[in-house]
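Listed below, chain by chain, are the residues.
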Amino acid sequence: MSAETATQTERHSAYEDAIAILVGTMFMALGIVIYTKTVLLAGSTAGLALLLQYATGIGFWWLFFAINLPFYILAVRKLGWAFTLRTFAAVTLVSIFTRLTFELVSFSHLDPLYAAVMGGALSGTGLLILFRHRTGLGGINVLAIYLQDHFGIRAGYFQLAVDLAILAAAFFFIPLDRLALSIVGAVVVNMTLAINHRPGRYLGVT
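Residues numbered from 1 in each chain as written. Predicted model: local features only at pLDDT ≥ 70, side-chain atom pairs only at ≥ 80, totals over all residues. Heavy atoms only, no water.

A. A look at the packing of aromatic side chains. Counting across every chain of the model gives five aromatic pairs. Summarising the aromatic geometry, the rings of Trp 61 and Phe 102 are spaced 5.9 Å apart at their centres and angled 65° between planes, so their arrangement reads as edge-to-face. Pair noted here: Trp 61 is in helix α4 (residues 60-68) and Phe 102 is in helix α5 (residues 71-104), with a separation of 41 residues, a long-range link. Classification of Phe 102 as partly exposed rests on a relative accessible area of 22%. Ring plane angle 90° and centroid distance 5.3 Å describe the contact between Phe 171 and Phe 172, whose orientation is recorded as edge-to-face. Through a chain of ring-to-ring contacts, the aromatic side chains of Phe 65, Tyr 72 and Phe 88 assemble into a single cluster. The ring centre of Trp 61 lies 5.0 Å from the NZ or CZ of Arg 99, which sits over that ring. (Phe/Tyr/Trp six-rings, centres within 6.5 Å; stacked < 30°, edge-to-face > 60°. Helix = DSSP H or I, 4+ residues; strand = E, 2+ residues; numbered from the N terminus. Buried < 20%, exposed > 50% of the residue type's maximum accessible area, 1.4 Å probe, protein only. Lys NZ or Arg CZ within 6 Å of the ring centre and 35° of its normal.)

In structure tokens form, the structure reads like this:
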């Protein structure tokens, strides 16, 4: 086995997985709070939870946790119990950290364009960390990882298509300028994944 192959297939330790899940979910939570403060919309199940929050006033943290529950069935059947348990932990932590971040962080001024780019960069980096440790955030992330592993479809490109569909549904709930900025944020998130999480370039083995 070559040195390159050995490096690629070296397994993450439980300690490394725990730290990665903790940091990745904190990145995601901060990105979501930035989006919420400027009435922007993310993609995937987080975007659906944000959309429902804007429409109903129910807190994101409750909606995000509840929406992901049905997808654990797919995760168990297709990706195994270990992946599912890590994903459940990540979803729970994002819900908790989002709730806490609203109380720990405040903004006197937050430009919407900056929020779209930085919130997208934070979310994309958080997802990248989680993906490289065989962890998703439920919902579309589970399906994206499954399609990439079994069919070579890049997770970032698949999620971009789904995210754009969610953003189209938001036409009736958020202003057009914020919808346009949300699309910018979605591109930032998914290009971060498409560029940095490619089959064969990095094998996250846990």
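B. Spatial organisation of the nonpolar core. With 49 residues, the main nonpolar core has Leu 41, Leu 50, Phe 60, Phe 64, Val 94, Leu 127 and Leu 137 as its most contacted residues. Listing elements by their share of this core, those giving two or more residues are α2 (14-37), α3 (44-56), α4, α5, α6 (112-131), α7 (139-151), α8 (155-169) and α9 (176-196). Residues in contact with Leu 41, not counting those within four places in the same chain, are Tyr 35, Gly 47, Leu 50, Leu 51, Tyr 54, Ile 166, Leu 167, Ala 170, Ile 174 and Ser 182. (Core = buried A, V, L, I, M, F, W, Y, C linked by side-chain atoms within 4.5 Å. Contact = heavy atoms within 4.5 Å.)

C. Examining unusual backbone geometry more closely. If you check the backbone angles, Val 39 has positive phi at about 55° while not being a glycine. Within the secondary structure, Val 39 is located in the loop between α2 and α3. Exposure remark for Val 39: the relative accessible area of 32% places this residue in the partly exposed category.

D. Quick look at the pattern of salt bridges. The tally for this structure, following the rule as stated, stands at two salt bridges. Close ionic contact of Glu 103 with Arg 99 constitutes a salt bridge, the shortest N to O distance being 2.9 Å. With Glu 103 and Arg 99 both in helix α5, this residue pair falls four residues apart, about one helical turn. On the basis of relative accessibility, which here comes to 55%, the residue Glu 103 falls in the exposed class. Put simply, Asp 177 and Arg 178 hold a salt bridge, and the shortest N to O gap is 3.4 Å. (Salt bridge = Lys/Arg side-chain N within 4 Å of Asp/Glu carboxyl O.)

E. Just the packing of α2 against α5, in detail. Where α2 contacts α5, the axes come no closer than 8 Å and their chain directions differ by 45°. Our classification of the angle between α2 and α5 gives oblique. Crossing of α2 over α5 shows right-handed handedness. Where α2 abuts α5, its residues Asp 17, Ile 21, Leu 22, Thr 25, Met 26, Met 28, Ala 29, Leu 30, Ile 32, Val 33, Thr 36 and Lys 37 lie against Arg 86, Ala 90, Leu 93, Val 94, Phe 97, Thr 98, Thr 101 and Phe 102. Residue classes in the contact of α2 with α5 are distributed as 13 nonpolar, four polar and three charged. (Axes fitted to C-alpha atoms, helices over the stretch in contact; angles between N-to-C directions. Parallel < 35°, antiparallel > 145°, perpendicular 65-115°, else oblique. Left-handed = near helix turned anticlockwise from the far one by under 90°. Nonpolar A, V, L, I, M, F, W, Y, C, P; charged D, E, K, R; others polar.)

F. How the structure looks around the environment of Phe 151. Residue position: Phe 151 is located in helix α7. A relative accessible area of 57% places Phe 151 in the exposed class. Sequence spacing of Phe 151 and Leu 30 is 121 residues, and the spatial spacing of their C-alpha atoms is 32 Å.

G. Fine view of the environment of Ala 186. Inspection of the secondary structure puts Ala 186 in helix α9. Exposure remark for Ala 186: the relative accessible area of 5% places this residue in the buried category. Residues Ala 186 and Gly 120, spaced 66 residues apart in sequence, show a C-alpha to C-alpha distance of 6.4 Å. In this structure, Ala 186 is in contact with Tyr 35, Leu 160, Asp 163 and Leu 167, ignoring residues within four places of it in sequence.

H. Structural detail: the side chain of Thr 84. Mapping Thr 84 onto the fold places it in helix α5. A distance of 2.8 Å separates a polar atom in the side chain of Thr 84 from the backbone oxygen of Gly 80. Among all residues touching Thr 84, those that are not within four sequence positions of it are Tyr 72, Ala 75 and Val 76. (Polar contact = N/O pair within 3.5 Å; in protein donor to acceptor, adjacent residues only side chain to side chain.)

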